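Per-entry structural report
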Amino acid sequence: MSTVSDHKESTNWGLIGHEWAVELLRGQIAGSSLRHAYLITGPHHVGRRTLALRLVAALSCPESSASGQPCGTCRVCRQVDAMQYSDLSVIQAEKEGGVLRVEQVREVRQTLVLMPYQGRYRTALFLRFQEAHPSASNALLKSLEEAPPHALLVLTADSVESVLPTIVSRCEVLRLRPLPSEVLAA
């Protein structure tokens, strides 16, 4: 039996406290106005990666409605959640606090031009992009400027200030904030 809170959680992609971001992305999916690049910022453990993965699931789920609501249980949704979906490339420094290298960006640029295997989009998810070497950031600029229509680039970072302004200007920025303590307590 589904409760109101179950429905609210499912319509918000299972995220608490970032309903505004989910609504914005779902609206863009429903209105076919999805951007080619997003920068999701916020402090550690605020849900940047989770939001990015839910966006990929909403775009890729075969059970998803036109409103961008992934089922969360099908094979594709499980693969996206495990970051093992064929149309998803996850790029990050080898270890937290490491450096995202230019070779990693160049490699994913080559895959972005290929058509997707299963879904409508081929997505590159750059985790902790604040760790990108300046040459890696510059290498990404070409993909941001000339992204194929089937490519989606999603970057996560601690803050807008930790990413080159030229990258920020080519992305839609979603600034996630920590939850108020009373929401966490509930």
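Numbers given to residues run from 1 along each chain, matching the order in which its sequence is written. Per-residue local features are limited, in this predicted model, to residues with pLDDT of at least 70; the limit for side-chain atom pairs, both in listing and counting, is 80 or more; totals at the level of whole chains, interfaces and linings are taken over all residues. Only hydrogens and water are set aside; all other atoms, that is, all heavy atoms of the structure, feed into the side-chain values.

What follows concerns the overall build of the protein. Numbering of helices and strands starts at the N terminus; helices are DSSP runs of H or I of at least 4 residues and strands are runs of E of at least 2. Looking only at helices and strands, one finds eight helices and five strands in the protein. Going residue by residue from the N terminus, the α and β elements of the protein occur as α-α-β-α-α-β-α-β-α-β-α-β-α. Relative accessibility decides the category of a residue: with a 1.4 Å probe and only protein chains considered, values under 20% of the type maximum give buried, values over 50% give exposed, and everything between is partly exposed. Looking at the protein residue by residue over its 186 residues, the buried ones come to 48%. In the protein, once contacts between residues fewer than 6 apart in sequence are set aside, the share between residues at least 24 apart is 74%. Note on areas: Shrake-Rupley, 1.4 Å probe, and residue coverage restricted to the protein chains presented here. Looking at the protein as shown, the accessible area adds up to about 9,700 Å², and 52% of this sits on carbon and sulfur atoms. We call two residues in contact whenever any of their non-hydrogen atoms come within 4.5 Å of each other.

Our focus in this paragraph is the packing of aromatic side chains. By convention, a stacked pair of Phe, Tyr or Trp rings (six-membered ring in the case of Trp) has centres within 6.5 Å and planes under 30 degrees apart, an edge-to-face pair has planes over 60 apart, and any other such pair is tilted. What the rule picks out here adds up to one aromatic pair. Judged by centre distance (5.7 Å) and plane angle (80°), the ring pair of F126 and F129 falls under edge-to-face. The exposure classification of F126 matches that of F129, with both residues buried.

By nonpolar core is meant a set of buried Ala, Val, Leu, Ile, Met, Phe, Trp, Tyr and Cys residues that side-chain atoms within 4.5 Å join together. Residues W13, L51 and L55 are the most contacted members of the largest nonpolar core, which totals 31 residues. The set of elements that each furnish at least two residues to this core consists of α2 (19–30), β1 (37–41), α3 (48–60), α4 (75–81) and β4 (151–157). Among the elements that line this core, the one with the most residues is α3, at eight residues. Residues contacting L51, with those up to four places away along its chain left out, are W13, L15, A21, V22, L25, I40, L174 and L176. L39, A139, L141 and A157 belong to the second-largest nonpolar core, a separate cluster that totals 26 residues.

Further remarks concern helix α5 (residues 102–112). Helical periodicity: at 3.6 residues per turn, an α-helix aligns residues three or four positions apart in one direction. Within the sequence span of α5, burial applies to V102, Q104, V105, V108 and L112. Considered in projection along α5, the buried side chains sweep an arc of 155° and stay on one side of the axis. In this structure, α5 carries E107 and Q110 as exposed residues pointing more than 90 degrees from its buried face. Directions drawn from the helix axis to the C-beta atoms are what define this arc.

The subject of this paragraph is unusual backbone geometry. Unusually for a residue other than glycine, H45 sits at a positive phi of about 65°. In this fold, H45 is placed in the loop between β1 and α3. When its relative accessible area of 85% is taken as the criterion, H45 is described as exposed. For R128, which is not glycine, the phi torsion reads 50° and is therefore positive. Classification of R128 by relative accessible area gives buried; the value is 13%.

Turning to its location among the elements, Q28 is positioned in helix α2. Distance and chemistry together define a polar contact, namely a pair of N or O atoms within 3.5 Å, with one atom able to donate a hydrogen and the other to accept it when in protein, and with adjacent residues in sequence counting only for side-chain atoms on both sides. Within polar-contact distance, the side chain of Q28 engages the side chain of Y38 at 2.3 Å. Setting aside residues up to four positions removed in sequence, Q28 forms contacts with S33, L34, R35, Y38 and E172.

This part covers α2. In a helix, the anticipated span is given by 1.5 Å times the number of residues less one. Between its first and last C-alpha, α2 extends 16 Å over 12 residues, near the 16 Å set by a 1.5 Å rise per residue. Every buried residue belonging to α2 is among A21, V22, L25, R26, Q28 and I29, and all of these are buried. Buried residues in α2, looked at end-on, bunch into an arc of 160°, giving them a common side. Just beyond α2, the residue with positive phi is S32, at close to 55°.

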